[in-house]
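Analysis of the macromolecular model
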Amino acid sequence: QVQLVESGGGLVQAGGSLRLSCAASGRTFSNYAMGWFRQTPGKEREFVAAISWNGGSTKYTDSVKGRFTISRDNAKNTVYLQMNSLKPEDTAVYYCAADGRFRAVITGLVFTSWGQGTQVTVSS
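Residues numbered from 1 in each chain as written. Predicted model: local features only at pLDDT ≥ 70, side-chain atom pairs only at ≥ 80, totals over all residues. Heavy atoms only, no water.

**Topic: the environment of R72**
- Take R72: it is sitting in strand 7 (residues 68-73).
- For R72, a relative accessible area of 14% gives the class buried.
- When the C-alpha positions of R72 and W53 are compared, they lie 8.9 Å apart, and in sequence the two are 19 residues distant.
- A polar contact of 2.7 Å, which involves the side chain of R72, links it to the side chain of N74. (Helix = DSSP H or I, 4+ residues; strand = E, 2+ residues; numbered from the N terminus. Buried < 20%, exposed > 50% of the residue type's maximum accessible area, 1.4 Å probe, protein only. Polar contact = N/O pair within 3.5 Å; in protein donor to acceptor, adjacent residues only side chain to side chain.)

Structural data, given as C-alpha coordinates:
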(Lines give C-alpha, C1' and ligand atoms only; values in the text may rest on other atoms or scores of the structure.)
Protein backbone atom coordinates (compact mmCIF):
# COMPACT_ATOMS: atom_id res chain seq x y z
CA GLN A 1 0.00 0.00 0.00
CA VAL A 2 1.36 3.40 -0.98
CA GLN A 3 1.51 6.14 1.65
CA LEU A 4 0.74 9.71 0.59
CA VAL A 5 1.42 13.06 2.26
CA GLU A 6 0.03 16.32 0.87
CA SER A 7 1.50 19.77 1.39
CA GLY A 8 1.28 23.29 -0.03
CA GLY A 9 -2.18 24.32 1.08
CA GLY A 10 -2.90 27.68 2.62
CA LEU A 11 -4.81 30.93 2.42
CA VAL A 12 -4.82 32.87 -0.84
CA GLN A 13 -6.84 35.72 -2.32
CA ALA A 14 -9.18 35.16 -5.24
CA GLY A 15 -7.23 35.21 -8.48
CA GLY A 16 -4.09 33.92 -6.81
CA SER A 17 -2.22 30.64 -7.18
CA LEU A 18 -1.11 27.69 -5.09
CA ARG A 19 0.81 24.54 -5.89
CA LEU A 20 -0.01 21.41 -3.96
CA SER A 21 2.47 18.56 -3.63
CA CYS A 22 1.90 14.92 -2.79
CA ALA A 23 4.87 12.85 -1.71
CA ALA A 24 4.48 9.10 -2.11
CA SER A 25 6.33 6.22 -0.52
CA GLY A 26 7.69 3.21 -2.31
CA ARG A 27 9.76 2.58 -5.39
CA THR A 28 6.72 1.55 -7.47
CA PHE A 29 5.20 5.05 -7.51
CA SER A 30 6.15 5.46 -11.15
CA ASN A 31 3.70 2.67 -12.05
CA TYR A 32 0.65 4.23 -10.34
CA ALA A 33 -1.98 6.51 -11.78
CA MET A 34 -2.58 9.42 -9.39
CA GLY A 35 -5.40 11.81 -8.67
CA TRP A 36 -6.56 14.82 -6.68
CA PHE A 37 -9.93 15.15 -4.95
CA ARG A 38 -11.45 17.85 -2.77
CA GLN A 39 -14.11 18.00 -0.10
CA THR A 40 -15.98 20.72 1.76
CA PRO A 41 -17.71 19.92 5.07
CA GLY A 42 -21.23 18.69 4.40
CA LYS A 43 -20.55 17.93 0.74
CA GLU A 44 -19.50 14.81 -1.13
CA ARG A 45 -15.91 14.28 -2.14
CA GLU A 46 -15.33 15.67 -5.64
CA PHE A 47 -12.93 14.47 -8.30
CA VAL A 48 -10.55 17.21 -9.45
CA ALA A 49 -7.81 15.75 -11.66
CA ALA A 50 -5.95 12.57 -12.56
CA ILE A 51 -2.72 11.67 -14.32
CA SER A 52 -1.55 8.42 -15.86
CA TRP A 53 1.42 6.44 -14.57
CA ASN A 54 3.85 8.04 -17.02
CA GLY A 55 2.23 11.48 -17.17
CA GLY A 56 1.12 10.95 -20.74
CA SER A 57 -2.59 11.46 -20.07
CA THR A 58 -4.51 13.81 -17.79
CA LYS A 59 -8.15 14.48 -17.02
CA TYR A 60 -9.96 17.25 -15.14
CA THR A 61 -13.37 18.05 -13.83
CA ASP A 62 -15.03 20.79 -15.88
CA SER A 63 -14.93 23.41 -13.14
CA VAL A 64 -11.12 23.49 -13.04
CA LYS A 65 -10.25 23.05 -16.72
CA GLY A 66 -7.93 25.79 -17.91
CA ARG A 67 -7.04 26.79 -14.35
CA PHE A 68 -5.55 23.68 -12.72
CA THR A 69 -2.71 21.50 -13.99
CA ILE A 70 -1.76 18.09 -12.63
CA SER A 71 1.79 16.87 -13.17
CA ARG A 72 4.24 14.39 -11.73
CA ASP A 73 7.94 13.83 -11.22
CA ASN A 74 8.48 10.11 -10.91
CA ALA A 75 12.14 10.58 -10.01
CA LYS A 76 10.97 12.43 -6.88
CA ASN A 77 7.93 10.24 -6.13
CA THR A 78 5.80 13.37 -6.23
CA VAL A 79 2.60 14.52 -7.92
CA TYR A 80 1.61 18.18 -8.12
CA LEU A 81 -1.52 20.24 -8.58
CA GLN A 82 -0.86 23.75 -9.86
CA MET A 83 -3.92 25.89 -9.14
CA ASN A 84 -4.22 29.27 -10.87
CA SER A 85 -6.99 31.87 -10.98
CA LEU A 86 -8.37 30.53 -7.73
CA LYS A 87 -11.96 31.23 -6.79
CA PRO A 88 -13.68 31.16 -3.39
CA GLU A 89 -15.60 28.08 -4.51
CA ASP A 90 -12.27 26.23 -4.76
CA THR A 91 -12.04 26.35 -0.97
CA ALA A 92 -11.83 22.76 0.30
CA VAL A 93 -9.62 20.11 1.79
CA TYR A 94 -7.62 18.64 -1.08
CA TYR A 95 -6.69 14.96 -1.03
CA CYS A 96 -4.09 13.08 -3.03
CA ALA A 97 -5.01 9.56 -4.13
CA ALA A 98 -3.34 6.63 -5.85
CA ASP A 99 -4.53 3.72 -7.95
CA GLY A 100 -2.23 0.99 -6.68
CA ARG A 101 -2.55 -1.24 -9.72
CA PHE A 102 0.31 -1.69 -12.16
CA ARG A 103 0.08 0.94 -14.92
CA ALA A 104 -3.69 1.22 -14.87
CA VAL A 105 -5.22 3.14 -17.76
CA ILE A 106 -6.65 6.56 -16.93
CA THR A 107 -10.19 5.44 -17.72
CA GLY A 108 -11.83 3.50 -14.90
CA LEU A 109 -9.33 4.27 -12.16
CA VAL A 110 -9.78 2.75 -8.72
CA PHE A 111 -8.26 4.93 -6.00
CA THR A 112 -7.44 2.88 -2.93
CA SER A 113 -4.74 4.96 -1.20
CA TRP A 114 -5.40 8.42 0.25
CA GLY A 115 -3.44 11.17 1.91
CA GLN A 116 -4.61 13.04 5.00
CA GLY A 117 -5.54 16.18 3.08
CA THR A 118 -4.36 19.78 2.96
CA GLN A 119 -6.60 22.82 3.46
CA VAL A 120 -6.98 25.36 0.66
CA THR A 121 -8.87 28.55 1.51
CA VAL A 122 -9.58 31.22 -1.11
CA SER A 123 -10.78 34.57 0.19
CA SER A 124 -12.82 37.07 -1.80
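Having seen it, we continue.
**Focus on the sheet that holds strand 3 (residues 18-24)**
- Taken in spatial order, the four strands make up an open sheet running 1-3-8-7, and their pairing is antiparallel. Since the sheet does not close on itself, it has two edges, and those belong to strand 1 (4-7) and strand 7, each with one partner. Taking each pair of neighbouring strands and ignoring which way they run, the sheet shows an average axis angle of 15°.
- Bridging between strand 7 and strand 8 (residues 78-83) involves six bridges; their strand directions are antiparallel. For D73, the partnering residue across the bridge sits in strand 8 and is T78. (Pairing = 2+ DSSP bridges. Axes fitted to C-alpha atoms, helices over the stretch in contact; angles between N-to-C directions.)

**Structural notes on the state of the cysteines**
- This structure, assessed with the given rule, holds one disulfide.
- Each sulfur in the disulfide pair C22 and C96 lies 2.1 Å from the other. Linking C22 and C96, the disulfide has an S-S dihedral of approximately -85° and is accordingly described as left-handed. Of the two residues, C22 sits in strand 3 while C96 sits in strand 9 (residues 92-99), which places them 74 residues apart along the sequence. (Disulfide = S-S within 2.5 Å.)

**Thoughts on unusual backbone geometry**
- Positive phi values are uncommon outside glycine, yet N77 reaches one of about 55°.
- Its place among the elements puts N77 in the loop between strand 7 and strand 8.
- You can call N77 buried: its relative accessible area is 17%.
- Positioned with a positive phi, S85 is a non-glycine residue whose angle comes to about 50°.
- With respect to the element layout, S85 can be found in the loop between strand 8 and strand 9.
- Overall, the relative accessible area of 41% leaves S85 in the partly exposed class.

Worth remembering: the numbers are spatial, not functional.
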